[in-house]
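Structural features, examined
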Amino acid sequence: MEVSFHEEIKALRLGQGQTFHGEGILAITKALLQSGVSYVGGYQGAPVSHLLDVMVQARPYMDELGVHVEACSNEASAAAMLGASIHYPVRGAVTWKSIVGTNVAADALSNLSSPGVTGGVLIVVGEDYGEGASVIQERTHAFALKSGMCLLDPRPDLPQMVHMVEKGFELSEASHMPVILELRIRACHVRGSFEARDNVAPHWSKQNLIPDPTRFDYMRLAHPPVTFVHEKLKSQERIPAARRFITEQGLNETFAGSEHADLGLIVQGGLYNTLIRSLQQFGLADAFGQSSLAIHVLNVTWPLVPEALTRFCAGKQAVLLLEEGQPEYIEQELALALRRQDLQTPLHGKDMLPSGGEYTAEVMASGLMAFLERHRPSAVPESTRQWLQGNAARRQAVQQALGTPLPARPPGMCIGCPERPVFSALKLAQQDVGPVHISGDIGCHALATFEPFSVGHSILGYGMSLASRAGVSPLMKRRVLSVMGDGGFWHNGLLTGVQSALFNGDDAVLLIFKNGYTSATGTQDIINTPEDTAKDAAGDKRQSLVHTNQTIESTLKGLGVQWLRTVHTYHVEEMKATLTEAFTTGFQGLKVIVAEGECQLERQRRIKPWLASLQARGERVERVKYGVDEDVCNGDHACIRLSGCPTLTLKDNPDPLKVDPVATVIDGCVGCGLCGANAHAATLCPSFYRAEVVQNARWPERLKGRLQAAARRLLQKA
Ligand code: SF4
Ligand code: SF4
């Protein structure tokens, strides 16, 4: 991992009386240490990647405290770690991206929730929902409900978030339930400060080992017949215990309101800041959060405490519930609580707010407008009505002017990405063999689903591409291609895909991108990350990292894969030929192509400082750049359609007799060579040139350069 968390690690060491400044997710990380956590694990994914990344880099400090840190191979293995807290009084925390990570972890979570825990368990999930999300739009809430896990959704304010971590462990211990702490994207990145406390070295730890295993206790197994007892314990003991703790500790907050205190708002804690921003649009709240309406903040969204909710609703003119996402679990439970108490307070929620999608300030303001117009029209300023109407009118005007909705701006692969050439080769191979069905996967290569490649018929989960073609490939005339990253391969693909295909003798083609990292989640190291030990004469590391790690290949061979090729990704012709062979060979079993090429983002992070240090020492530095000879470019732009590199673009044709723009390579080219490789493989116009930019050139090179320049001048005069 190349990103350094040096400063963040310093923040983790802050003690009593010092002030922590920083992002929400780092505050959560610090709070884990203040809570005396014994072990931490997880699988990275936005928006919570930093938690584990920082912990992994802080291992020497974690060792001092005795805290064990495990970078798990997937979310299931992270969830299974929590088994340590079933018997032993040790606190544990794991983290991942939800909803996808929770899906993967679901089996272990069910088996953990059934017997319950002794030591406090906190599962920190990044609720990747709404604008900026990168996964399916579902709610973690469903898992808390079905398995019986408490769900925290803290108000995004650093002291409150830290408080909820510390109380979350206590809640888990008081109720014997695992506790999920969900953090939306904005909560992870909210900045603020809090007064730190000393970190607590856990009692049982790597520094103070548990002397003996606990006695055998069948009740602690998620195994019949005791699972029937567990089910009863959940409803008869654990949930009531959790409700008692939530009430006694005041985990949910009520703000009384002022001139409109007879109107109530109930809000998920994570939405509180946006709600205050929306109320400000009506002049109903100030910048410090003082609201005219009464607000009940659910920092714990499950289990709900019916008595507290009905107490808040009793006597109100009306109540609006702000619950993001669907289904409306909280609204249904609240309506039931009101009904059971025979309370007639009008309850609104999804009837005034959208059923799905992020509740931004504007969305909430629209819901508040409907609520206030119904129950307190005098509280609606004309300016707010105009603001909302103005926003809608502007959007409509833009759409009318364009004639279409605003064009999407999808993300793309980095400049020089090693995965791009493979999709160029795939385009070319399909020209020969015909179109093939392509099973896509999660990872940077999923960006090939956008233009100019538009590749991938399905994405069924991380590492699932080979498994997801099992029903398709027997029905297709041509062979199906499954595309997978090395991150996905280790996360899931090896077992669900490769093992299954071999066992069933499937005629399948798998292409694995071996770029050396789980790049899409933040370029974390994996088991096949190449060793980084090469040194130059001055002792500098990292100048000539060579991909020699054969972990994937040896694993595949060990499992029995017989048709296996490793091809460098930038060798487009060779990749095209290998793909064509895989699609047409008489070999009927699993065919695997390992596409080898280091993640360019990581490569640049590695070599740029090294090149700068060489240059500063006066040593020779050579950089490769590609360019387009505008006199030769025929204006066809096939190179752009075949590459998609952001630095390969268009400019006005300098020839006054031609109208078509020419291709051009703008600043930023990293000299990956794909332009040249594509030009050869697809027999494009010969307009690309390769230039070597040499700094601190030696005297023979400078002399040669002067002679060449003089010769050029002579020829130009001739
Ligand atoms: S992070 Fe690496 S693998 Fe992902 S798009 Fe960028 S260069 Fe390619
Ligand atoms: S060589 Fe071509 S594909 Fe590679 S970075 Fe430069 S412009 Fe992009």
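The model shown is predicted, which means the values in this text are computed figures rather than measured ones. (Residues numbered from 1 in each chain as written. Chains lettered and ligands numbered in written order. Predicted model: local features only at pLDDT ≥ 70, side-chain atom pairs only at ≥ 80, totals over all residues. Heavy atoms only, no water.)

1. Here's the deal with unusual backbone geometry
Under the convention used in this document: By definition, any uninterrupted DSSP run of H or I lasting at least four residues is a helix, any uninterrupted run of E lasting at least two residues is a strand, and each is numbered from the N terminus.
In this chain, Ala46 is followed by Pro47 through a cis amide linkage whose omega measures 0°. Its location among the elements puts Pro47 in the loop between strand 2 (39-42) and helix 3 (49-57). Residue Ile99 follows Ser98 across a cis peptide bond; omega there is 25°. With respect to the helices, strands and loops of the structure, Ile99 is situated in the loop between strand 4 (92-98) and helix 7 (100-113). Even without glycine at this site, Ser454 takes up a positive phi of about 50°. Relative to the assigned elements, Ser454 resides in the loop between strand 15 (438-440) and strand 16 (458-459).

2. Points about the confidence of the model for the chain
What counts, and what does not: The predictor rates its confidence in each residue with pLDDT, a number between 0 and 100. Here, two residues are considered to be in contact whenever any of their heavy atoms come within 4.5 Å of each other.
Mean pLDDT over the chain stands at 94; residues scoring 70 or higher make up 97%. Low confidence marks residues 533-546, where pLDDT is under 50. Its contacts with residues over four positions away, or in another chain, come to 32 contacts.

3. Notes on the packing of helix 17 (residues 420-433) against helix 23 (residues 674-681)
Threshold: Only the stretch in contact is used when a helix axis is fitted, and all axes are lines through C-alpha atoms; the angle between N-to-C directions ranges over 0 to 180 degrees. For this classification, under 35 degrees means roughly parallel, over 145 means roughly antiparallel, 65 to 115 means roughly perpendicular, and everything else is oblique. Side-chain classes follow a simple rule in which Ala, Val, Leu, Ile, Met, Phe, Trp, Tyr, Cys and Pro form the nonpolar group, Asp, Glu, Lys and Arg form the charged group, and the remainder, Gly included, forms the polar group.
At their nearest, the axes of helix 17 and helix 23 sit 11 Å apart, and the two run at 10° to each other. The angle between helix 17 and helix 23 places the two elements in the roughly parallel class. Of helix 23, the residues touching helix 17 (which contributes Arg420, Pro421, Ser424 and Leu428) are Leu674, Asn678 and Ala681. Split by residue class, the contact of helix 17 with helix 23 holds four nonpolar, two polar and one charged.

4. Thoughts on the environment of Ala93
Using the following cut-off: Categorising residues by exposure relies on relative accessible area from a 1.4 Å probe, with only protein chains included: less than 20% of the type maximum marks a residue as buried, more than 50% marks it as exposed, and the intermediate range marks it as partly exposed.
Among the secondary structure elements, Ala93 is positioned in strand 4. According to the relative accessible area criterion, Ala93 is buried, its value standing at 1%. As a C-alpha pair, Ala93 and Ala78 span 15 residues in sequence and 9.1 Å in three-dimensional space. When neighbours within four sequence positions are excluded, Ala93 is seen to be in contact with Leu32, Val37, Tyr39, Val40, Gly41, Leu122 and Phe169.

5. What about the packing of helix 9 (residues 158-175) against helix 11 (residues 226-248)?
So the rule is basically this: Put simply, a crossing is left-handed when the front helix is turned counterclockwise from the back one by less than a right angle, and right-handed when it is turned clockwise.
Where helix 9 contacts helix 11, the two axes come as close as 8 Å, and the packing angle between them is 140°. In this structure, the crossing between helix 9 and helix 11 has a hand that is right-handed. Across the interface between the two elements, Lys167, Glu170, Leu171, Ala174 and Ser175 of helix 9 pack against Arg238, Ala241, Ala242, Phe245 and Ile246 of helix 11. In terms of residue class, the contact of helix 9 with helix 11 is built from six nonpolar, one polar and three charged.

6. Focus on the site of ligand 2
Stated formally: Residues are counted as near a molecule or strand when any one of their heavy atoms sits within 4 Å of it.
Close to ligand 2 lie 13 residues; Cys645, Thr647, Cys669, Cys672 and Cys675 are nearest. Partitioning the shell around ligand 2 into residue classes produces nine nonpolar, four polar and no charged.

7. Description of the pattern of salt bridges
We count it as follows: What makes a salt bridge here is a side-chain nitrogen of Lys or Arg within 4 Å of a carboxyl oxygen of Asp or Glu, nothing more.
In this structure the tally under the stated criterion is 35 salt bridges. Ionic pairing is found between Glu64 and Arg13, a salt bridge with its closest N-O pair at 3.4 Å. Of this pair, Glu64 sits in helix 4 (residues 59-65) while Arg13 sits in the loop between helix 1 (6-12) and strand 1 (19-23), and the two are 51 residues apart along the sequence. Of the charged contacts, one joins Arg620 and Glu622 as a salt bridge, the two residues approaching to 3.0 Å between their closest N and O atoms. Judged by its relative accessible area of 32%, Arg620 falls in the partly exposed class.

8. Quick look at the side chain of Glu324
The condition is simple: Polar contact criterion, stated in full: a pair of N or O atoms within 3.5 Å, where within protein one must be able to donate a hydrogen and the other to accept it, and residues adjacent in sequence count only if both atoms are side-chain atoms.
Mapped onto the secondary structure, Glu324 falls in the loop between strand 13 (318-322) and helix 14 (329-340). Overall, Glu324 belongs to the buried group, its relative accessible area being 5%. Separated by 2.7 Å, the side chain of Glu324 and the backbone nitrogen of Tyr359 make a polar contact.

9. Concerning the sheet that holds strand 16
Note the threshold: Here a strand pair is declared whenever DSSP counts at least two bridges between the two strands.
Read from one edge to the other, the open sheet built from six strands follows the order 16-15-17-18-22-21, with strand pairing classed as parallel. Each having just a single partner strand, strand 16 and strand 21 (563-568) make up the two edges of the open sheet. Bridge count between strand 18 (residues 509-514) and strand 22 (residues 591-596): six bridges; the pairing is parallel. Bridging across to strand 22, Lys514 finds its partner in Glu596. Docked against the sheet, helix 20 (residues 572-584) engages strand 17 (481-485), strand 18, strand 21 and strand 22, running at close to 160° with respect to strand 21.

10. Topic: the sheet that holds strand 3 (residues 68-71)
Hydrogen bonds between backbone atoms are what pair the strands of a sheet, whose relative direction is either parallel or antiparallel. In spatial order, the strands read 3-2-4-5-7-6-12; together these seven strands make up an open sheet with mixed pairing. Taken across any chain shown, the strands that pair with only one partner, and hence form the sheet edges, are strand 3 and strand 12 (300-302). The average undirected angle you get between the axes of adjacent strands in this sheet is 20°. In this sheet, strand 7 (residues 179-184) lies alongside strand 5 (residues 121-127) in parallel orientation, the contact comprising six bridges. In the strand pairing of strand 7, Leu122 is matched with Val179.

11. Details of a nonpolar patch on the surface
Put simply, the rule is: Here the term patch refers to residues with relative accessible area over 30% and no salt bridge, with like charges joined within 9 Å and nonpolar side chains (Val, Leu, Ile, Met, Phe, Trp, Tyr) within 5 Å. Calculation of accessible area relied on Shrake-Rupley with a 1.4 Å probe; when residues are assessed, cover is drawn exclusively from the protein chains displayed.
Together, Phe216, Tyr218 and Leu221 give the surface a local cluster of nonpolar side chains, amounting to about 310 Å² of exposed area. Position of Leu221 among the secondary structure elements: in the loop between strand 8 (191-195) and helix 11. For Leu221, a relative accessible area of 35% gives the class partly exposed.

12. Some remarks on the pairing of strand 7
Every regular strand shows the same layout, with side chains that alternate between the two sheet faces. What counts here: A clockwise path from the first strand over the helix to the second, with the strands pointing away from the viewer, defines a right-handed crossover.
Buried residues dominate strand 7, accounting for six of its six residues. Both strand 6 (residues 150-152) and strand 7 contribute to a ladder of three bridges, which runs parallel. Looking at the pairing, Cys150 lines up with Val179 of strand 7. Tracing the backbone out of strand 6, into helix 9 and back to the parallel element strand 7 gives a crossover that is right-handed.

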